[in-house]
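Observations on the model geometry
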Amino acid sequence: MQMLRTSGLCLGLAVLGGCATTDAESPAAWTKSGDAMVDARQAIETAPAKDKVLWQYRASATAMRKGEFLQAKGWLDDALMTLGGIHAADPSARKARGMFREEGRKRFLGEPFERSMAYYYRGILYWMDGELDNARACFQSAQFEDSDTTDKTYAGDYVLFDYLDGLATSKLGGDGGDAIRRATASARQARLPAYDREANLVLFLELGRGPRKYGDGEYGEQLKFREGESVARGAVLRVAGQTISIPAYDNLTFQATTRGGRVMDHVLRNKAVFKTGTGVAGDVGILSGAVLAHNRQTREVGLGLLAAGLVGKIVSAAANPRADLRGWDNLPQWLGFAAVKLSPGEYSGLVDFVDERGAVLANKSRAFKVRIADAPRRDSVVFISDRND
Amino acid sequence: MNPDERGFVAGTGVESQDLVAVTDKMARSIVAVPVIQKAAAAPYVILEPVLNETRFPINKDMFLDRLRVQLSSKTQGKVRFLARERLAALEKERAAKQAGQFTSSANPNVQEFKGADYLLTGKLQGLSTRTSKGTSDYILYTFQLIDARTTEIVWEDAAEIKKQGLEDAAYR
């Protein structure tokens, strides 16, 4: 019986090829060089087409942390071009919905919190270039990605995206009032400062390691998130004799876990039910068929049931309800922001990371140099992360 | 594929066919404005960057650049443009001529940089909706020609484009 089961499974695999899994996490056809940027480039170049956006996301976060902003811009633009397309007729997505293909076969675009972060990083880069309206467009798109949650309480509830949308509007001479009101209503972690149009040093802060995906359920068909980790819960900025507290405003684990169910979750649940159902039917067919086949008078019926049971087992083995666990694995857990007004000149600044109680974390500080230009008037942007990957 | 055709790769944002359609429409509309058509001398126009208020980051200069090229080529000199975006380089060149560093075909100390008669600018505004089925984006493109002397808006026109994109269930 065991042999029959095994051969049935193998036959199923060979015929349907549905159990074969693809894993974006596995190392591609290159050896790690030890240089994060070199590895990032290689990963993008060698990644299968369906995983390209995933690697562009990851690489752009790395590039941001390394200060390779031009490179990050190129990767994000490419990824956002794919993300901004219409995916109704995407054959890889259609196949991923099929009973015998796993979800991870589809072209990766990411869950909404991952898509939002791609727009957020691009927004920071536009701000660096002095293109405030394009930065604002990115923050709006970032918020837009979060707008169709099942529970509308959590729709578009990133604090910083609204706050930055309003700040950019205010700096462009408009009224950012609505945006700051929305941001204030969403703020759960800390109070937001009023807009200062004259602030010319803007600092984007990110802390910790963001949420991680894992598969739960009998077949790994349920997409779930492990909470992100971060010892740092904020920072203190010291520049030009000023000391400014930078709280964390947005929690990415919260954002990842408050979206409600996906349509794809229903598809995967149905696949899991189908897999269990055909498996049970196969077992019943094989067992009853084997019993009946022993009796000369019922042998034909028994063999028929046995064959049907085998088919059931093959189909069950080939059904693939596994959730797509590919994820942007170097996102932060917390996002923070500060804006300061400084006179034109060169400054050396220091960012100390602080824990939940406000105590400075030893050996974690980041120093930076910044030049505040007199003319043309443009904000100087500093991006600080407590990560270095 | 022509730039005014919708490609196989499409989104709900600002695309080349929108740029072509909008700037063509605006160029036709500006040419018909009496202050341009009946002007005794061709007016000088400067371009002021388009303001993007949509959720789509765009290369804003492309709108005005294409509009300028369309107007310059289709109106046979009825509208003339001043290269204000190159002012820094032009000032540097003039200063070098004034200092005798470069030769000059005319007296470099005479002010010859021209002032504008009109200012051409625009704004892109958007309204976006997302449902469980997909995304809908409406973009309103408005352009204005403003009299630099009186601040009067002598011409204004708009174009609007709405796009919808269904998303595969695998991405929802």
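None of the values given here were measured: they were computed from a predicted structure.

1. What to know about the nonpolar core
Residues and elements named next belong to chain A. A118, Y120, Y121, L160 and L203 are the most contacted members of the largest nonpolar core, which has 113 residues in total. By residue number, the principal contributor to this core is helix α6 (residues 112-128), which donates 10 residues. If we skip the residues at most four places from it in the chain, Y121 touches S60, A61, M64, A72 and L76. In this structure, I286, L305, L310 and A317 belong to the second largest nonpolar core, which totals 9 residues.

2. A word on the interface of chain B and chain A
Between chain B and chain A, the residue contacts involve 25 residues of the former and 28 residues of the latter. Mapped onto the side of chain B that touches chain A, the elements with two or more residues apiece are β2 (51-53), β4 (118-130) and β6 (153-166) of chain B. The biggest single contributor to the side of chain B that touches chain A is β2(B), with 3 residues. By residue class, the composition of the side of chain B that touches chain A is 10 nonpolar, 9 polar and 6 charged.

3. Digging into unusual backbone geometry
Phi is positive for A:N363, which is not a glycine, with a value near 60 degrees. Looking at the secondary structure, you find A:N363 in the loop between β7 (345-354) and β8 (366-372). Judged by the 5 C-beta atoms lying within 10 Å of it, A:N363 falls in the exposed class. The phi dihedral of B:T151 is positive, around 70 degrees, even though this residue is not glycine. You can see B:T151 is positioned in the loop between β5 (134-147) and β6.

4. Overview of helix α1 (residues 16-31) of chain B
Under the 1.5 Å per step criterion, the end-to-end length of α1(B) is 23 Å for 16 residues, consistent within 8% with the ideal 22 Å. On the buried face of α1(B), the contacting elements are α2 (34-37), α3 (61-74), β5 and β6 of chain B.

5. Re the sheet that holds strand β1 (residues 201-207) of chain A
Residues and elements named next belong to chain A. With respect to topology, 7 strands assemble into an open sheet ordered β8-β7-β4-β5-β6-β1-β9, the strand pairing being mixed. Here the strands that pair on one side only, and so sit at the sheet edges, are β8 and β9 (380-385). With strand direction ignored, the average angle separating the axes of adjacent strands in the sheet is 25 degrees. Sheet strands in contact with α6 are β1 and β9, and its direction is about 145 degrees off that of β9.

6. Quick word on the environment of A:K95
Residues and elements named next belong to chain A. Mapped onto the fold, K95 is located in helix α5 (residues 91-97). Once the C-alpha coordinates of K95 and K106 are considered, the two residues, 11 residues apart in sequence, prove to be 7.3 Å apart. Not counting chain neighbours up to four residues away, the residues in contact with K95 comprise R101 and R105.

7. Some thoughts on the pairing of strand β4 (residues 234-239) of chain A
Residues and elements named next belong to chain A. Bridge count for β4 against strand β5 (residues 242-251) is 6 bridges, and the pairing is antiparallel. Opposite V236, over in β5, you have S245 as the bridge partner. Between β4 and β5, which follow one another and run antiparallel, lie 2 residues, and A240 among them has a positive phi close to 50 degrees. By the bridge criterion, 6 bridges tie β4 to β7 in an arrangement that is antiparallel. Paired with R238 across the bridge in β7 is L350.

8. Let's talk about the packing of helix α3 (residues 52-66) of chain A against α6(A)
Helix-helix packing is characterised by the crossing angle of the two axes and by the distance between the axes. Residues and elements named next belong to chain A. Between α3 and α6, whose axes approach to 11 Å, the crossing angle comes to 40 degrees. Between α3 and α6, the angle falls in the class oblique. Seen from above, α3 lies across α6 with left-handed handedness. Facing Y57, S60, A61 and M64 of α3, the residues of α6 in contact are E114, A118 and Y121. Residues that form the contact of α3 with α6 fall into these classes: 5 nonpolar, 1 polar and 1 charged.

9. What about the confidence of the model for chain B?
Residues and elements named next belong to chain B. Chain-level pLDDT for chain B is 88 on average; 94% of the residues reach the 70-or-more range. Within chain B, α2 has the poorest average pLDDT of any element, 86, and helix α4 (residues 87-98) the best, 94. The ipTM for the predicted assembly is 0.77, set against a pTM of 0.85.

Thresholds applied
- For every chain, the first residue of the written sequence is number 1, and numbering continues from 1 onward in sequence order.
- A letter from A marks each chain and a number from 1 marks each ligand, given out in the order of writing.
- Under the rules for a predicted model, residues below a pLDDT of 70 receive no local features and side-chain atom pairs below 80 are neither given nor counted, while totals for whole chains, interfaces and linings still include all residues.
- Definition of nonpolar core: a set of buried Ala, Val, Leu, Ile, Met, Phe, Trp, Tyr and Cys residues joined via C-beta atoms within 7 Å.
- As a rule, residues whose C-beta atom has 12 or fewer other C-beta atoms within 10 Å are exposed, those with 20 or more are buried, and those in between are partly exposed; C-beta atoms are placed from the backbone.
- By the criteria applied, helices consist of DSSP H or I runs no shorter than four residues and strands consist of E runs no shorter than two, each listed in order from the N terminus.
- Contact between two residues is assigned when their C-beta atoms, built from the backbone, lie within 7 Å.
- Residue polarity is assigned by list, with Asp, Glu, Lys and Arg as charged and Ala, Val, Leu, Ile, Met, Phe, Trp, Tyr, Cys and Pro as nonpolar; anything else, Gly included, falls into the polar class.
- For a helix, the expected span equals 1.5 Å multiplied by the residue count minus one.
- Strand pairing is assigned whenever DSSP identifies at least 2 bridges connecting the two strands.
- To define axes, lines are fitted to C-alpha atoms, for helices over the stretch in contact only, and angles between the resulting N-to-C directions are given on a 0 to 180 degree scale.
- In these notes the angle categories are as follows: under 35 degrees is roughly parallel, over 145 is roughly antiparallel, 65 to 115 is roughly perpendicular, and the rest is oblique.
- We call a crossing left-handed when the near helix sits turned anticlockwise from the far one by less than a right angle, and right-handed when that turn is clockwise.
- pLDDT measures how confident the predictor is about each residue, on a scale from 0 to 100.

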